Structure formats: C-alpha cells, structure tokens
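Chain residues, written in single-letter form:
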Amino acid sequence: MAPPPETVPESFQRIEGSPEFRQLRSSFRNFAFPVTAGFVLWYLLYVLLSCYAPGFMSTKVVGNINIALVLGLLQFASTFAIAAWYARFADRQLDPRAAVIRGRADATLPAQGADHTAVAEEAAE
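What you see is a predicted model; the values in this text were computed from it and never measured.

1. A closer look at the environment of Phe 12
Consideration 1: Position of Phe 12 among the secondary structure elements: in helix α1 (residues 10-17).
Consideration 2: The spatial distance from the C-alpha of Phe 12 to the C-alpha of Ala 105 is 8.6 Å, given a sequence separation of 93 residues.

Next up, the structure:
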C-alpha cells in the first residue's frame with residue numbers, strides 16, 4: 001500500500017468545499033451522532049442498573065428469565081435494529097447524494113476517474 005500523499009489534490013479540496021458534500025456530511029452527522037449517543041446512554045443504563053440495582057435486575061419475568069437477561073438481549077436487538085436503520089437511511093439519503101458527487105467528480109476529471117476507482121478498490125483491500 002502506498003503512503004498517503006503529502007497534500008490533498010485540488011480536485012478533492014473542491015469536492016470537499018462544495019455545498020453538496022457539506023450537506024452530505026451534515027446528513028450523516030445528523031443521523032449518526034444522535035443515534036450513537038442514544039445507544040451509548042442505553043448501554044450505560046444497562047451497566048448502571050447491573051451495578052447499582054441488582055435487586056431490580058434479578059426480578060423474574062417468566063420462569064428463570066429475569067430483567068437483566070431481557071435487557072441484555074435487547075442490547076443485541078437494538079444493535080441490529082440500528083444497523084438496519086442506518087443501512088436503510090444510507091441507501092435512501094446518503095448513497096444517492098454520494099453517487100451524484102462522485103459522478104460529477106468523475107465527469108470533471110476523466111483522467112483521474114480510473115485512478116479514483118483504483119484507489120477506492122485498493123483502500124477496500
């Protein structure tokens with residue numbers, strides 16, 4: 001893998017400074033930050049209840065299943081739900097905007113378009 005370039009090419013600076021790219025980043029942040037904060041708070045609630053409310057957490061719900069087990073399994077369920085929610089959000093909101101930006105960049109810089117794809121493929125490896 002080649003070391004990163006010393007300076008950012010002008011074309012990438014132009015893309016990064018475009019209103020479309022700033023809107024794309026804003027949309028991502030407006031989704032990711034609140035969802036991440038909510039999940040971290042939900043996880044901390046679980047940990048704090050486990051540490052400071054063992055009587056509550058050991059309350060039986062059905063048979064040998066207690067509240068701690070239910071909340072722990074809900075942690076897994078919420079993780080998968082958030083991942084599915086993000087995938088849907090990205091598919092509907094982020095990916096189309098990114099494709100427009102990428103298409104505009106490739107159309108503007110046809111000689112570097114192939115390099116852009118090669119760099120993306122190399123980064124994926």
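2. Overview of the packing of α1 against helix α2 (residues 19-52)
Consideration 1: As a packed pair, α1 and α2 sit with axes 5 Å apart at the nearest point and diverge in direction by 60°. When the interaxial angle is binned, α1 and α2 end up oblique. On α2, the residues that touch Ile 15, Glu 16 and Gly 17 of α1 are Pro 19, Phe 21, Arg 22 and Arg 25.
Consideration 2: Residues of the contact of α1 with α2, tallied by class, amount to three nonpolar, one polar and three charged.

3. Quick notes on a nonpolar patch on the surface
Consideration 1: On the surface, a cluster of nonpolar side chains totalling about 860 Å² of accessible area is made up of Val 61, Val 62, Ile 65, Leu 69, Val 70, Leu 73, Leu 74, Phe 76 and Phe 80.
Consideration 2: Contributions of two or more residues to the nonpolar patch are made by β1 (60-62) and α4 (67-108).
Consideration 3: Ranked by residue count, the leading element in the nonpolar patch is α4, at six residues.
Consideration 4: Examined against the element boundaries, Leu 73 turns out to sit in helix α4.

4. Overview of the UniProt feature "transmembrane region" (unreviewed entry) in the protein chain
Consideration 1: Mapped onto the present numbering, the UniProt feature "transmembrane region" (unreviewed entry) falls at residues 31-55 and 67-87.
Consideration 2: The distance from the first to the last C-alpha atom of residues 31-55 is 36 Å, and the span holds 96% helix and 0% strand.
Consideration 3: Across residues 67-87 one finds 100% helix and 0% strand; the C-alpha atoms that close the span lie 30 Å apart.

5. Considerations on the nonpolar core
Consideration 1: Among the nonpolar cores identified, the biggest contains eight residues, and these are Leu 24, Phe 31, Val 35, Phe 89, Ala 90, Leu 94, Ala 98 and Ile 101.
Consideration 2: When residues of this core are traced back to their parent elements, those giving at least two are α2 and α4.
Consideration 3: In terms of residue count, α4 provides more of this core than any other element does, five residues in total.
Consideration 4: Setting aside residues up to four positions removed in sequence, Ile 101 forms contacts with Ile 15, Glu 20, Phe 21 and Leu 24.

6. A short note on the packing of aromatic side chains
Consideration 1: This model, assessed by the stated rule, comprises four aromatic pairs.
Consideration 2: Aromatic side chains Phe 31 and Trp 85 sit 5.0 Å apart centroid to centroid with 75° between the ring planes, which places their arrangement in the edge-to-face category. With a gap of 54 residues between them, Phe 31 in helix α2 and Trp 85 in helix α4 connect regions that are remote in the sequence.
Consideration 3: Ring plane angle 10° and centroid distance 4.5 Å describe the contact between Phe 31 and Phe 89, whose orientation is recorded as stacked. Here Phe 89 lies in helix α4 and Phe 31 lies in helix α2, a separation of 58 residues in the sequence.
Consideration 4: Through pairs of rings, three or more aromatic residues link up here, namely Phe 28, Phe 31, Trp 85, Tyr 86 and Phe 89.

How each quantity is defined
- Residues numbered from 1 in each chain as written.
- Predicted model: local features only at pLDDT ≥ 70, side-chain atom pairs only at ≥ 80, totals over all residues.
- Heavy atoms only, no water.
- Helix = DSSP H or I, 4+ residues; strand = E, 2+ residues; numbered from the N terminus.
- Axes fitted to C-alpha atoms, helices over the stretch in contact; angles between N-to-C directions.
- Parallel < 35°, antiparallel > 145°, perpendicular 65-115°, else oblique.
- Contact = heavy atoms within 4.5 Å.
- Nonpolar A, V, L, I, M, F, W, Y, C, P; charged D, E, K, R; others polar.
- Patch = residues over 30% accessible without salt bridge, like charges linked within 9 Å, V, L, I, M, F, W, Y side chains within 5 Å.
- Areas by Shrake-Rupley, 256 points an atom, 1.4 Å probe, with all protein chains shown as cover.
- Salt bridge = Lys/Arg side-chain N within 4 Å of Asp/Glu carboxyl O.
- UniProt positions renumbered as here; feature names shortened; annotations may be inferred.
- Core = buried A, V, L, I, M, F, W, Y, C linked by side-chain atoms within 4.5 Å.
- Buried < 20%, exposed > 50% of the residue type's maximum accessible area, 1.4 Å probe, protein only.
- Phe/Tyr/Trp six-rings, centres within 6.5 Å; stacked < 30°, edge-to-face > 60°.

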